[in-house]
Amino acid sequence: MSQACRKVAQDLWSNSQLPNAASHAGLILDRYLLQTGDDGESKRNLLEEAKKAVAKSIGLYERAFLRWHNAAPVNHLDHEFRSEGRLVVGLGIKSVIETGLRMHHTYGVPLIPGSALKGLASHYCALTRGPIDDAFAADGAAFALIFGNNEASGLVSFDDAWIHPSSLTNSEGLLLDAMTPHHSDYYTGKQEDAAPADFDGPIPLQFLSVKGTFLVRVWADVDGLEARKLLTISMTLLTEALKNWGIGGKTNSGYGKLVLNS
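Draft legend 1. Spotlight on helix α6 (residues 114-129). Between its terminal C-alpha atoms α6 stretches 21 Å, which fits the 22 Å expected from 16 residues at 1.5 Å a residue. Next to the buried residues of α6 lie β2 (111-112), α7 (141-147), β3 (156-158), β4 (161-163), β7 (213-220) and α9 (224-244).

Okay, structure coming up:
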């Protein structure tokens, strides 16, 4: 069965049907690598087709984005964040190529999972606010109220951050990118008997990164003034973390920084 599916996928490529029909970049990245003999060329073609697919899905995604935006819970807080450079969330996801990217399951556009946002905010809270105020330490009362602990869930939820449709219609959205690891054999275990050396040759590795504006939403399971306080604190922590630490992979190289959209 798997061989039959692979043959169908190869036929789509060879008959030029896939570039004309595919509109889900996530499926392309997961399923449609066609080996042409040149591994680098095969991967680049795959990434290019993913970029084209995102452009084809804009009409449907615009309607979905508007519906999601208007379906916000009563006690919520929304802010738009724009990437200062590029970001890549889900770099380690299993893929037909060495790198992955978190995409919306239904619409095939870049997405920042709410779990990643909550994890970033909670870690930032514990390490930056905790030393100043015990209530915001990992075992503190305020921390538990917002993020939860082993006994109970927190009162604040972090939604997935959806990319703004306008970021898919210009020079933003999905972008071709590359990294050049210099010591691939050493890190993969092929060079166990020798340490990395300056004369090791870099091997370019192509991947997709993202640039654009994301709508970030937090919402609370309580009402009134308490909800407003919790949401304000949560969004403040997340705003600082996104600006100072960044999110996703390669943050030490400057990726992943997002700032409030003015």
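From this point, the narrative continues.
Draft legend 2. Region of interest: the nonpolar core. Leu117 and Ile247 are the most contacted members of the largest nonpolar core, which totals 66 residues. Residue contributions to this core peak at 8 residues, all from α9. If near-sequence neighbours (up to four positions away) are discounted, isoleucine 247 is found in contact with Leu87, Val89, Ile112, Ala116, Leu117, Leu120, Leu242, Gly256 and Leu258.

Draft legend 3. Fine view of the pattern of salt bridges. Tallied over the full model, the rule gives 6 salt bridges. A salt bridge links glutamate 48 to arginine 44; the shortest N-O distance between them is 3.7 Å. Placement of both glutamate 48 and arginine 44 in helix α4 (residues 39-56) is noted, with a separation of 4 residues, approximately one turn of the helix. Judged by relative accessible area, arginine 44 falls into the partly exposed class, the value being 39%. In this structure, arginine 217 and aspartate 159 form a salt bridge, with 3.9 Å as the shortest nitrogen-oxygen distance. Taken together, the residues span a long stretch of sequence, with arginine 217 in strand β7 and aspartate 159 in the loop between β3 and β4 at a distance of 58 residues. Several salt bridges converge on common partners, so that one network encompasses Asp78, Asp159 and Arg217.

Draft legend 4. A look at helix α5 (residues 58-70). Its 13 residues place the ends of α5 18 Å apart at the C-alpha level, agreeing with the 18 Å of an ideal helix rising 1.5 Å per residue. Residues Ile58, Tyr61, Ala64, Phe65 and Trp68 constitute the buried set of α5. The buried side chains of α5 occupy one side of the element, clustering within an arc of 120° when seen end-on. Looking at α5, the residues exposed on the side facing more than 90 degrees away from the buried face are Arg63, Leu66, Arg67 and Asn70.

Draft legend 5. Geometry of the environment of alanine 137. Residue placement: alanine 137 occurs in the loop between α6 and α7. Considered as a pair, alanine 137 and serine 122 are 15 residues apart in the sequence and their alpha carbons are 9.4 Å apart. With near-sequence residues (within four places) excluded, alanine 137 lies in contact with Gly130 and Phe143.

Draft legend 6. Summary view of unusual backbone geometry. At lysine 250, a position not held by glycine, the phi torsion is positive, near 60°. Within the element layout of this structure, lysine 250 appears in the loop between α9 and β8 (258-260).

Draft legend 7. Quick peek at the side chain of asparagine 75. Take asparagine 75: it is sitting in the loop between α5 and β1 (76-83). Among the polar contacts made by the side chain of asparagine 75, one reaches the side chain of aspartate 223 at a distance of 2.7 Å.

Draft legend 8. Region of interest: the packing of aromatic side chains. What the rule picks out here adds up to 11 aromatic pairs. Judged by centre distance (6.5 Å) and plane angle (55°), the rings of phenylalanine 65 and tryptophan 162 are tilted. Of the two residues, phenylalanine 65 sits in helix α5 while tryptophan 162 sits in strand β4, which places them 97 residues apart along the sequence. The exposure class of phenylalanine 65 is buried, given its relative accessible area of 8%. Owing to a relative accessible area of 9%, tryptophan 162 belongs among the buried residues under this scheme. Summarising the aromatic geometry, the rings of tryptophan 68 and tryptophan 162 are spaced 4.8 Å apart at their centres and angled 0° between planes, so their arrangement reads as stacked. One end of the pair, tryptophan 68, is in helix α5; the other, tryptophan 162, is in strand β4, with 94 residues separating them in the sequence. Each member of the pair, tryptophan 68 as well as tryptophan 162, carries the same accessibility label: buried.

Thresholds applied
- Residues numbered from 1 in each chain as written.
- Predicted model: local features only at pLDDT ≥ 70, side-chain atom pairs only at ≥ 80, totals over all residues.
- Heavy atoms only, no water.
- Helix = DSSP H or I, 4+ residues; strand = E, 2+ residues; numbered from the N terminus.
- Expected span 1.5 Å × (residues − 1).
- Contact = heavy atoms within 4.5 Å.
- Core = buried A, V, L, I, M, F, W, Y, C linked by side-chain atoms within 4.5 Å.
- Buried < 20%, exposed > 50% of the residue type's maximum accessible area, 1.4 Å probe, protein only.
- Salt bridge = Lys/Arg side-chain N within 4 Å of Asp/Glu carboxyl O.
- Arc of directions from axis to C-beta.
- Polar contact = N/O pair within 3.5 Å; in protein donor to acceptor, adjacent residues only side chain to side chain.
- Phe/Tyr/Trp six-rings, centres within 6.5 Å; stacked < 30°, edge-to-face > 60°.

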